[in-house]
Every structure is written in C-alpha cells, then in structure tokens.
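Examination of the molecular architecture
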Amino acid sequence: MTTPLRRVAIGRILVGALFGGLALTGGCAPSARVGVAPPTAVVSTSCFDISALSPADQRVAEQILLEFGDREGLYTLAGGLKPISSDVRDLQLRIAPTLDSATLSTMEQQRRVAAALSCGDIGLTVQVFTATQRTRDSSEIRNTSMVVFHRGALRAMVTRYAPFFASLGVTPSTAPQEILAAVENAPRAARWRGYGYLFGYPDVAVDFFVQAGEEGDRTGKLVPRDFRRIETVYKFASGRDSLSTFVYAVPKGAAPTADEEQLQQRAAAILREYRARRARRVAAESTGALTLWRAWLTGASAPSTR
C-alpha cells in the first residue's frame, strides 16, 4: 500500500498511514511557551527521581517530559487515556555497512533517562523496531522511538481485549516492554490491531485500521478515509495548516461514534488542565516540566479518564 507521507520510525509507518497518513517529526523540542517560574511547593521527589543522573541527563529528562506532555503523550501521562504514546526522540541507527556509534551513544542516554523517569503507573522505555530499512546510499538502518506507558491503562486494555492479546501470549500482568515486543513481532494484521489498541484509538478506528490495511495489500490502493484529531499543544506543519499529533482515521463519511465523542470530551478536559498548569510552571527556557508532572501525579487533581 502506498502512503502519501511516511513516518520516521518503521514501526509507526503502518500506524501513521492507516490511522493518520501524516509524517511526524521526531526528536524536535517543541517551542517554549513563556510562563512563570515553578512555585516552591514541596512535591514527592520519588516521582521521576532523576537525582542519580548527570546534569546533562537531567536536562534531557526535563525536555523529554515536556515533549511528551506537549504532544499526544499528555493523554498517557495524565491518567492513561492512551495506554502508550511515542514519536518522541525518534532515532535512525545505521547498522551497516558501519555502525553509527554516535547514535548508539544517544540511545544509551535515552535508556538512562527512561529508567529514571518512573512515577506510579507511568514509565518510559526505548522501543527498537524489528524491521530494518535501506537508505538511498544503501546503508541499513534500524529505527527507535521513546515510549511513555501507563501500566494501569495497559492492564485494563489487555483485560478488555483479552481474547486478542491472549493469542499473542499477553496477559494483564505482562510487562509493558513485553507487550510492545509481542505486538511489534505479531503477524501483520495482528500487529496493526495491537498497535491500534496500544495507542488508545476508538474501536471504529482500530477495525478500520485492519480492514483498510488488508484491502490496501490486496489492491495496492489507499482506502478512502476521514481523519479525526485530538488537540495537542505542539503542532506540526502540513501545507498551510498546523496539525495536532493525536490523529486517527475512520471510514470516509462515517459519523462520530459515542466512544469518539467521549474520547474528545475526556481529552479536552485534560488539555485544559495541562494548559493551565503549563502556563504556571513551565518557564521561558522550557524548564519546569518535572515539577509540573510531579505535582500533578502525586496530587489529587488529575482529571479522571476512565
């Protein structure tokens, strides 16, 4: 199936083509919004405890939290409306004819930071996609992406779709990294469906994802579709428009379902809360995300999403 635009990460090309069909630029820090310095209120430092990291790694940790919060990762961090989110700090690792040691070093830093960024149900990991690609200069590359996950939301998702996930050997107690690996290495249609559930798309979108993918494989044509968008702080340019990073596709002309309307309402409440907190805590130099999320996740004011 030919897609109009391709995602950077190979593991998300199919997701982007069928759910969104749009390219996202990974690894770019969102533009800073001027705010006031973080308040001096004491919050739990065991949440996202980065004290053992070097100053350079601590700065990267702060930036990564801001990038996830400004993108669709907000809906994972703030209660697990999306069980996982990715497309932050995407990398392309050249593995042949020579190994790109500089990118490998960056991956190692990402892993150090991801290991420290844990708070309750929230965790981060670096996903390495199974398939490799050939570039125009005949180099072989492997793609990676940072992933934020919500353990409780993953357990609920696996329970809700138990027959499907059982076919992959996944149960509610399966670790997030194992779930990602099971889906990434599943047969083609199961991989599509698994990613649809992982990324928190409505059932109508997941079903369309699989159906359109299989039809596209047979015909070589892109199945007509409409796009639905959930707002995010960060936008990327597409022609004359600035578009949010949370997008999925549904059949052409399909009316919004009750699940979609509920998703929009829950997401809107979270985004309002995040914008308010971001304005108070994120300073002009893009610091403050760590304090913001510690206060939110250790407090009682996070919006309910389920």
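**Some words on the sheet that holds strand β1 (residues 84-96)**
- The strand order β1-β3-β2 describes an open sheet built from three strands, whose pairing is antiparallel. Edge positions in the sheet fall to β1 and β2 (122-134), since each has one partner strand and no second. Averaged over all pairs of adjacent strands, the angle between their axes in this sheet comes to 20°, without regard to strand direction.
- Across eight bridges, β1 lies against strand β3 (residues 140-150) in antiparallel orientation. Each residue of the ladder has a partner; that of Gln92, found in β3, is Asn143.

**A short note on the packing of aromatic side chains**
- Within this structure, the stated rule accounts for eleven aromatic pairs.
- With 3.7 Å between their ring centres and 15° between their planes, Tyr161 and Tyr197 make a pair best called stacked. A residue pair is termed long-range when its members are at least 10 positions apart, and Tyr161 in the loop between α5 (151-160) and α6 (162-166) and Tyr197 in helix α8 (residues 188-198) qualify at 36 residues.
- Aromatic rings pair up to connect Tyr75, Tyr201, Phe246 and Tyr248 into one cluster.
- The positively charged end of Arg71 is found above the aromatic ring belonging to Tyr234, 3.9 Å away from the centroid.
- Stacked on the ring of Phe246, the Lys or Arg Lys82 has its end atom at 5.2 Å from the ring centre.

**What to know about the confidence of the model for the protein**
- For the protein, per-residue confidence averages 86 on the pLDDT scale, and residues scoring 70 or more make up 82% of the total.
- Across residues 20-42, confidence stays below pLDDT 50; counting only partners more than four residues off in sequence or on other chains, it has 59 contacts.
- Of the regions scoring below 50 in pLDDT, residues 300-306 engages in 20 contacts with residues more than four places distant in sequence or in other chains.

**Digging into unusual backbone geometry**
- Residue Ala96 is joined to Pro97 through a cis peptide bond whose omega torsion reads 5°.
- The residue Pro97 is located in the loop between β1 and α4 (101-116) in this model.

**Structural notes on the pattern of salt bridges**
- Enumeration according to the criterion identifies 14 salt bridges in this entry.
- For Arg155, the salt bridge goes to Asp121, with nearest N and O atoms at 3.9 Å. Note that Arg155 is positioned in helix α5 and Asp121 in the loop between α4 and β2, a separation of 34 residues in sequence.
- Looking at Arg155, the relative accessible area reads 39%, which means it is partly exposed.
- Take Asp121: its relative accessible area is 29%, and that puts it in the partly exposed class.

The rules behind the values
- Residues numbered from 1 in each chain as written.
- Predicted model: local features only at pLDDT ≥ 70, side-chain atom pairs only at ≥ 80, totals over all residues.
- Heavy atoms only, no water.
- Pairing = 2+ DSSP bridges.
- Helix = DSSP H or I, 4+ residues; strand = E, 2+ residues; numbered from the N terminus.
- Axes fitted to C-alpha atoms, helices over the stretch in contact; angles between N-to-C directions.
- Phe/Tyr/Trp six-rings, centres within 6.5 Å; stacked < 30°, edge-to-face > 60°.
- Lys NZ or Arg CZ within 6 Å of the ring centre and 35° of its normal.
- pLDDT = per-residue confidence, 0-100.
- Contact = heavy atoms within 4.5 Å.
- Salt bridge = Lys/Arg side-chain N within 4 Å of Asp/Glu carboxyl O.
- Buried < 20%, exposed > 50% of the residue type's maximum accessible area, 1.4 Å probe, protein only.

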